[in-house]
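# Geometric and topological summary
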Amino acid sequence: MSYNLFLLAFVLGIGGAFQYGLQVSIINSPAEYIKSFIRETWLKRYGSSPSEEMITLMWSFVVSIYSIGGLLGSLSAGYLSVRFGRKKAMLFTNIPALLSATLMGLSRLCGSFEMIIAGRLFSGVCGGLALIIHLMYAGECAPLKLRGLIAITASTAIAVGKFVGFALGLREVLGVDALWPILMAVNALPALVQLLTLPFFPDSPRYLLIDKKDKEGCIKAVKQLWGDGDHMAEIDDMMAEQKAIRGEKAKSVRDLFRDKAVRWQFITLFLVSSCMQLIGVNVVYFYAYNIFIKAGIPPAQIHYVSLGVGITEILTTVLCGFLIERAGRKALLWKSYAVMALALGLLTVTLSLQDSFSWVPYCSVALIFIFIMSFGIGPAAVVCPLPTEIFIQSYRPAAYVFNGATNWIQLFILGLLFPFVVEGLGSFCFIIFLTYCLSMAVFVFLVMPETKGKTILQVMEEFNCLNYRGKKRQTAPQQSNCSVKIVTRL
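Here we summarise the structure given alongside this text. (Residues numbered from 1 in each chain as written. Predicted model: local features only at pLDDT ≥ 70, side-chain atom pairs only at ≥ 80, totals over all residues. Heavy atoms only, no water.)

Moving on: the overall build of the chain. In terms of helices and strands, the chain carries 25 helices and 0 strands. Dimensions along the principal axes, computed over C-alpha positions, put the chain at roughly 75 × 50 × 40 Å. The buried share of the chain, reckoned over its 490 residues, is 56%. In the chain, once contacts between residues fewer than 6 apart in sequence are set aside, the share between residues at least 24 apart is 82%. The positive charge centre, built from 42 side chains, and the negative charge centre, built from 29, are 7 Å apart in the chain. (Helix = DSSP H or I, 4+ residues; strand = E, 2+ residues; numbered from the N terminus. Buried < 20%, exposed > 50% of the residue type's maximum accessible area, 1.4 Å probe, protein only. Contact = heavy atoms within 4.5 Å. Lys, Arg positive; Asp, Glu negative; His and termini not counted. Charge placed at Lys NZ, Arg CZ, Asp CG, Glu CD.)

Spelled out as structure tokens, the structure:
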């Protein structure tokens, strides 16, 4: 296997999922400096200091508009990836990244906090586009035996992006008042790296063959990415998928809702992947600060503990990359969901007893790390190849768009409702997320087929047993084996 495939995964990661992880974490460090800048700018313009409510409102715009940009980007990803191809669409994502870096980097010099808000909007568009196209591009470039590993590099890139954002935000690096504009503009660097390196790689072989009908281009791309070995079995699989599609154009999100041929794929995508915000990882991070303080860690050192949490997430996603082709997707998912549900249940108990016994905070710290490790080994990584593996080419862009859009909407809604949920329920809010994790463990164990080592059409056959239980299509051969019934639907 050629190293070019892994180089492509790195290049996609640095300008793709890495950007999302970076923007999620980098905004925390300069919060007070940006609020002070808004206050000073307002005073210079209007001759009076703004109220604390106005400062809070402006800061809320800075934070929440990133999710709005992410939603806009994810809704555009399907059209761009089909119209221009995976490679050109991926290159396009760097334009809003550079725009956002320019706006936020020059905001202080221009005396405009509105430029920060606009920059965050463009960085959200970049994150929404890059995350979807990265996952689609990487999944379609990988051979069957490496499909899971290559797709999981997106999860590792997110974790690395979060870690780099935390690290750059330290006071010893860029987390000071004089340097926060540089900190906010740092996303220009990975964008430039990808713009300079990605043109040397081919487009997705699957896109070239199935969408563009370019068999020679597909074979050339396969040789460049996979080496000079015999890859005809993989190419024959792509041609079989092309034949099954019968020249149908790319489907829309509406078709995902209406078409019975992908009903259980759509249900699986929605429950397992699109609702990932309901796992509760953001809530765990929210409580982590207080838990670390209770455990005796000085407030000044909390940032360094956060780096330790980030390293844990990176290592667990890397570990998942080695496990996914051995243990399989299904086993990793349901077991990790079960462990997370148990950790959330115990965390609810330990947080309630936080002040009762001196050793309880240490148990809470251990449970946080167990939860994060389970999240990294399970859903954070395993769901990356899921849309690629359970949808054929014509449905795949729509599936990624739906998945991305629902995640961004949930992130925005939870950001608004989360403070009220925590205030009303306290640590018992974990019960909501515990219920979801437990339900997903049962669903994955009982319903979701294993996709490890199977072609796209083989996975479609297994789902077709659920989509048409006991029913035969009129166009299908009159055989009892449900594996025969699928391809004729398409």
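The tendency in soluble globular proteins is for nonpolar side chains to be buried side by side. Ranked by internal contacts, the top residues of the largest apolar core, which has 71 residues, are Leu-256, Val-272, Ile-279, Tyr-337 and Phe-371. Considering each element in turn, this core owes the most residues, 9 residues, to helix α18 (residues 329-352). Phe-371 has contacts with Ile-279, Gly-280, Val-281, Val-284, Met-340, Ala-343 and Leu-344, leaving out every residue within four places of it along the chain. Counting 52 residues, the second-largest nonpolar core is a separate cluster that includes Leu-12, Tyr-20, Leu-135 and Leu-198. (Core = buried A, V, L, I, M, F, W, Y, C linked by side-chain atoms within 4.5 Å.)

Before going further, it helps to spend a moment on helix α10 (residues 188-197). Looking at α10, one finds that the buried residues are Ala-188, Pro-190, Ala-191 and Gln-194. For α10, the angular spread of buried residues about the axis comes to 165°, placing them on one side. Exposed and facing more than 90 degrees away from the buried side of α10 are Leu-189 and Leu-196. Where the residues of α10 are buried, they touch α1 (4-15), α2 (17-26), α5 (85-92) and α6 (94-110). (Arc of directions from axis to C-beta.)

Residue placement: Ser-112 occurs in the loop between α6 and α7 (114-141). In this structure Ser-112 touches Phe-37, Arg-45 and Ser-107, once residues within four positions along its chain are discounted.

In total, this model carries 11 aromatic pairs according to the counting rule given. Each ring, one from Trp-42 and one from Tyr-46, has its centre 4.9 Å from the other, and the planes form 55°; the classification is tilted. On the criterion of helical spacing, the pair formed by Trp-42 and Tyr-46 is a turn pair, its members being 4 residues apart in helix α3 (residues 31-46). The interplanar angle of 50° and the centroid separation of 4.8 Å between the aromatic rings of Phe-266 and Phe-402 together place this pair among those described as tilted. Taken together, the residues span a long stretch of sequence, with Phe-266 in helix α15 (residues 263-274) and Phe-402 in helix α22 (residues 396-425) at a distance of 136 residues. Accessibility expressed as a relative area gives 9% for Phe-402, which makes it buried. Through a chain of ring-to-ring contacts, three or more aromatic side chains come together here, namely Phe-257, Phe-266, Phe-270 and Phe-402. Just above the ring of Phe-84 sits the side chain of Arg-83; from NZ or CZ to the centre is 5.1 Å. (Phe/Tyr/Trp six-rings, centres within 6.5 Å; stacked < 30°, edge-to-face > 60°. Lys NZ or Arg CZ within 6 Å of the ring centre and 35° of its normal.)

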